[in-house]
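# Structure at a glance
Residue strings, one per chain:
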Amino acid sequence: MATSRFLTMRREAIGFAVGSLFFLVGPWPWYADAVGVVVVNMTFFVGSVFFTAAASLQLMLDGRRPPRAFTPRGDLLDWWSAVVQLAGTVLFNVSTLLALLGSLEDPDAVGGGWRADAWGSAAFLVAGVLALGALRRRHELWDVLARTPGAVWLNLVGSVAFAASAVGAYVVPATDRLLSEWWTAVGTVLGAACFLLAAVLTRPAATAHAAGSTGVSA
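Residues numbered from 1 in each chain as written. Predicted model: local features only at pLDDT ≥ 70, side-chain atom pairs only at ≥ 80, totals over all residues. Heavy atoms only, no water.

Helix and strand counts for the protein chain stand at 9 helices and 0 strands. Out of the 218 residues belonging to the protein chain, those deemed buried represent 47%. Considering only intrachain contacts with a sequence separation of at least 6, the fraction spanning at least 24 residues in the protein chain is 76%. A total accessible area of about 10,700 Å² is found for the protein chain, and carbon and sulfur atoms account for 69% of it. (Helix = DSSP H or I, 4+ residues; strand = E, 2+ residues; numbered from the N terminus. Buried < 20%, exposed > 50% of the residue type's maximum accessible area, 1.4 Å probe, protein only. Contact = heavy atoms within 4.5 Å. Areas by Shrake-Rupley, 256 points an atom, 1.4 Å probe, with all protein chains shown as cover.)

The structure is reproduced here in structure tokens:
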């Protein structure tokens with residue numbers, strides 16, 4: 001039977017799943033045409049808040065503690081991954097809020113929609129690489145199920161997609177054009193889809209059996 005600690009650990013997945021849904025819907029042109037730029041930017045902002053809530057829970061879990069003397073390398077990578085991911089979500093909070101405030105001030109401004117934040121996307125990518133390192137040393141983790149292969153790889157792929165979106169959103173000097181409008185939108189959609197699937201794979205109902213079979217203890 002899965003323990004309460006394990007189920008609490010997996011509740012972070014709910015926040016990531018909800019946040020991913022907002023980012024999955026936000027980039028589509030039909031959505032922007034239907035609701036307008038202000039609501040689109042609000043969609044991204046609310047999604048980023050869910051990301052931050054989930055990342056905060058992920059970092060503050062019982063068992064995931066700051067590095068100390070003789071902390072196993074697996075635990076060290078796991079903790080830093082959680083810290084960097086939280087920082088990335090906060091950067092998304094800032095960029096989405098600025099985009100929302102800008103659109104409230106001038107809804108008709110050209111290019112007023114939110115685009116993937118470069119620093120936040122870079123933080124997600126670094127967090128994904130650190131999580132992969134923790135996965136490879138999962139025998140050293142505070143809980144062997146703290147990092148699961150499917151979720152780690154999906155989050156890493158999603159982070160690469162967000163990074164591609166941020167690169168596509170680069171404004172070519174002396175022009176008003178983005179480097180790639182296609183990647184700006186598609187990268188965000190792919191990143192959100194990967195984050196959503198990873199969250200679904202780690203939700204309590206999907207992983208409780210694994211927790212029970214491995215004898216997770218409180």
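A separate point is a nonpolar patch on the surface. The grouping of Val 90, Val 94, Leu 97, Leu 98, Leu 101 and Leu 104 at the surface amounts to a nonpolar patch, some 520 Å² of accessible area in total. Looking at the element boundaries, Leu 104 is found in helix 5 (residues 73–105). (Patch = residues over 30% accessible without salt bridge, like charges linked within 9 Å, V, L, I, M, F, W, Y side chains within 5 Å. Salt bridge = Lys/Arg side-chain N within 4 Å of Asp/Glu carboxyl O.)

What follows deals with the confidence of the model for the protein chain. For any part of a model where pLDDT is low, the fine detail of the predicted coordinates should not be relied upon. The predicted model of the protein chain has a mean per-residue pLDDT of 82, with 82% of residues at 70 or higher. Predicted confidence in the protein chain is weakest over helix 9 (residues 204–213), with a mean pLDDT of 48, and strongest over helix 6 (residues 118–136), with 94. (pLDDT = per-residue confidence, 0-100.)

Further remarks concern the packing of helix 7 (residues 149–168) against helix 8 (residues 181–201). Taken N-terminus to C-terminus, the directions of helix 7 and helix 8 make an angle of 165°; their axes are 7 Å apart at the nearest point. Put simply, helix 7 runs roughly antiparallel to helix 8. Crossing geometry of helix 7 relative to helix 8 is assigned as left-handed. Among the residues making up the contact of helix 7 with helix 8, the classes are represented as 14 nonpolar, 10 polar and 1 charged. (Axes fitted to C-alpha atoms, helices over the stretch in contact; angles between N-to-C directions. Parallel < 35°, antiparallel > 145°, perpendicular 65-115°, else oblique. Left-handed = near helix turned anticlockwise from the far one by under 90°. Nonpolar A, V, L, I, M, F, W, Y, C, P; charged D, E, K, R; others polar.)

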